[in-house]
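So the chains spell out like this:
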Amino acid sequence: MSTISAEALGQYLSSRKPGIPTRNGLSTFLVGKSISSEYRFEVEELDFSFCLFSEDESLDEFIEGYRIKSTDDFEELGYKNIWIRYLNREADMEVTELEIEEMPINFRLHKMRTLVFCTAAHYYDEVYTHLTLPEDFIRYFFENQDKLQVAFSNRYKF
């Protein structure tokens, strides 16, 4: 079975409201000929929220990245699908400690390490391992609390 065409998917998405999640919770945003996607979840007992997201890409790249063959395949997209894209370096993880909502930290796999950054706080770090589980991201916050606090305190100085 061949994949759905970019035109057919574009027409289908145009008939939906932007950001309306699929049956499995993946939200998509179509702007012109570019599309982005996100999946949000929280670990409330630890006060962290997570957002897996893909940046703007063409409809063809979106179809190929998610291996969509029909609108039914599109409607089945969810956490597992975007998680695979994160592991394939096609999506990022944004983690927010709910106490400090103004400073979400982004994680991106790159070669044999994880890039950690926050543009709002002019923060950048590299971890020489792949952070892949929610526990890994939370551990990063706890192990680097001092560095993150300095970045948060200085975010308006630069």
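Here the structure is shown first, and the text comes after it.
Conventions and cut-offs
Residues numbered from 1 in each chain as written. Predicted model: local features only at pLDDT ≥ 70, side-chain atom pairs only at ≥ 80, totals over all residues. Heavy atoms only, no water. Pairing = 2+ DSSP bridges. Helix = DSSP H or I, 4+ residues; strand = E, 2+ residues; numbered from the N terminus. Phe/Tyr/Trp six-rings, centres within 6.5 Å; stacked < 30°, edge-to-face > 60°. Buried < 20%, exposed > 50% of the residue type's maximum accessible area, 1.4 Å probe, protein only. Axes fitted to C-alpha atoms, helices over the stretch in contact; angles between N-to-C directions.

**Concerning the pairing of strand β1 (residues 27-31)**
Okay, so step 1: As defined by bridge partners, β1 adjoins strand β2 (residues 34-43) across 5 bridges and the pair is classed as antiparallel. In the sheet register, Val31 faces β2, and the bridge partner there is Ser34.
Okay, so step 2: Hairpin connection of β1 to β2: 2 residues between the antiparallel strands, including Gly32 at a positive phi of 65 degrees.

**Observations concerning the packing of aromatic side chains**
Okay, so step 1: Under the definition given, this model contains 15 aromatic pairs.
Okay, so step 2: Summarising the aromatic geometry, the rings of Phe50 and Phe137 are spaced 6.4 Å apart at their centres and angled 55 degrees between planes, so their arrangement reads as tilted. Taken together, the positions of Phe50 in strand β3 (residues 48-58) and Phe137 in helix α5 (residues 134-143) put the pair 87 residues apart, joining distant regions of the chain.
Okay, so step 3: The exposure class of Phe50 is buried, given its relative accessible area of 1%.
Okay, so step 4: What makes Phe137 buried here is its relative accessible area of 0%.
Okay, so step 5: Considering the side-chain rings of Tyr86 and Phe137, the 6.2 Å spacing of their centres and the 70 degrees angle between planes classify their relative orientation as edge-to-face. Of this pair, Tyr86 sits in helix α4 (residues 79-87) while Phe137 sits in helix α5, and the two are 51 residues apart along the sequence. This pair shows no difference in class: Tyr86 is buried, exactly as Phe137 is.

**Some points on the sheet that holds strand β6 (residues 113-118)**
Okay, so step 1: Taken in spatial order, the 7 strands line up as β1-β2-β3-β4-β5-β6-β7 in an open sheet, and their pairing is antiparallel. A strand with exactly one partner marks an edge of an open sheet, and here the two such strands are β1 and β7 (123-127). On average, each strand axis in the sheet is inclined to that of its neighbour by 20 degrees, with strand direction left out of account.
Okay, so step 2: By the bridge criterion, 6 bridges tie β3 to strand β4 (residues 92-97) in an arrangement that is antiparallel. Directly across from Cys51, in β4, lies its bridge partner Glu94.

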